[in-house]
Amino acid sequence: MSIVVIADWLAAPGSEQRVAGLLPALTDAAVAQPGVLAFRAVRSQRDHAAFVVIAEYEDRNAHAAHRESDHYRALVLDGIAPLLIDRQSEEYSLL
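Residues numbered from 1 in each chain as written. Predicted model: local features only at pLDDT ≥ 70, side-chain atom pairs only at ≥ 80, totals over all residues. Heavy atoms only, no water.

J.: Please clarify how the packing of helix H1 (residues 16-31) against helix H3 (residues 70-80) should be interpreted in this entry.
T.: The axes of two packed helices give the description: the angle between them and the distance between them. It is at 10 Å that the axes of H1 and H3 come closest, and there the two elements cross at 165°. As far as their axial angle goes, H3 and H1 are roughly antiparallel. The two elements H1 and H3 cross, and the hand of that crossing is left-handed. Residues Val-19, Leu-22, Leu-23, Ala-25, Leu-26, Ala-29 and Ala-30 of H1 form the contact with H3, whose participating residues are His-71, Leu-75, Val-76, Gly-79 and Ile-80. Tallied by class, residues from the contact of H1 with H3 come to ten nonpolar, two polar and no charged. (Axes fitted to C-alpha atoms, helices over the stretch in contact; angles between N-to-C directions. Helix = DSSP H or I, 4+ residues; strand = E, 2+ residues; numbered from the N terminus. Parallel < 35°, antiparallel > 145°, perpendicular 65-115°, else oblique. Left-handed = near helix turned anticlockwise from the far one by under 90°. Contact = heavy atoms within 4.5 Å. Nonpolar A, V, L, I, M, F, W, Y, C, P; charged D, E, K, R; others polar.)

Next up, the structure:
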């Protein structure tokens, strides 16, 4: 069964554009990965520091593979996460 992960990210003041600039590379790398069914990053029109990433994976193994990938490490853990003041995510099952 596929799972959907929704991540809410809030960029630190002054880091908003750097976060926005890294998201296209993350999206491109994620959708090229086996088991990733969909991957979108969106930015709030009201609060330009607020980002949401919505991803659908074939299963938990595909999600784990994404989180263990080199691009996740480079773009999220080393690139985006240090620029955030809040980072939360939740897994959902499709109905």
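J.: Help me understand the sheet that holds strand E4 (residues 84-93), please; the structure alone is not making it clear to me.
T.: Hydrogen bonding along the main chain pairs the strands of a sheet, whether they run parallel or antiparallel. Read from one edge of the open sheet, four strands run E2-E3-E1-E4, paired in antiparallel fashion. Edge positions in the sheet fall to strand E2 (36-43) and E4, since each of these pairs with one other strand and no more. In this sheet, adjacent strand axes meet at a mean angle of 10° when their direction is disregarded. In this sheet, E4 lies alongside strand E1 (residues 3-11) in antiparallel orientation, the contact comprising nine bridges. Looking across to E4, one finds that Leu-10 is bridged to Asp-86. Strand contacts of H3: E1 and E4, with the helix running at about 135° to E4, the strand carrying the most contacts. (Pairing = 2+ DSSP bridges.)

J.: Just to check I follow, could you spell out the environment of Ala-62 for this structure?
T.: With respect to the secondary-structure elements, Ala-62 resides in helix H2 (residues 60-67). Given a relative accessible area of 7%, Ala-62 falls into the buried group. Each C-alpha atom of the pair Ala-62 and Ala-32 lies 12 Å from the other, and the pair is 30 residues apart in sequence. Leaving out residues up to four positions away in the same chain, Ala-62 has contacts with Gly-35 and Tyr-57. (Buried < 20%, exposed > 50% of the residue type's maximum accessible area, 1.4 Å probe, protein only.)

J.: When you look at the nonpolar core in this model, what are you seeing that I'm missing?
T.: In summary, soluble globular proteins display a tendency toward joint burial of nonpolar side chains. With 23 residues, the main nonpolar core has Trp-9, Val-19, Leu-23, Leu-26, Phe-39, Tyr-57 and Ile-80 as its most contacted residues. Those elements that provide at least two residues to this core are E1, H1, E2, strand E3 (50-57) and H3. If you tally residues by element for this core, the top one is E1, at five residues. (Core = buried A, V, L, I, M, F, W, Y, C linked by side-chain atoms within 4.5 Å.)

J.: Where do I start with the pattern of salt bridges in this structure?
T.: Opposite charge on two side chains allows them to pair when their charged atoms are near. This model, assessed by the stated rule, comprises two salt bridges. Residue Arg-60 is joined to Glu-91 by a salt bridge in which the shortest nitrogen-to-oxygen separation is 2.4 Å. Residue Arg-60 is located in helix H2, and its partner Glu-91 is located in strand E4; the two are separated by 31 residues in the primary sequence. We classify Arg-60 as exposed; its relative accessible area is 56%. When its relative accessible area of 31% is taken as the criterion, Glu-91 is described as partly exposed. Two residues, Asp-70 and Arg-73, come together in a salt bridge whose shortest N-O distance is 3.0 Å. (Salt bridge = Lys/Arg side-chain N within 4 Å of Asp/Glu carboxyl O.)

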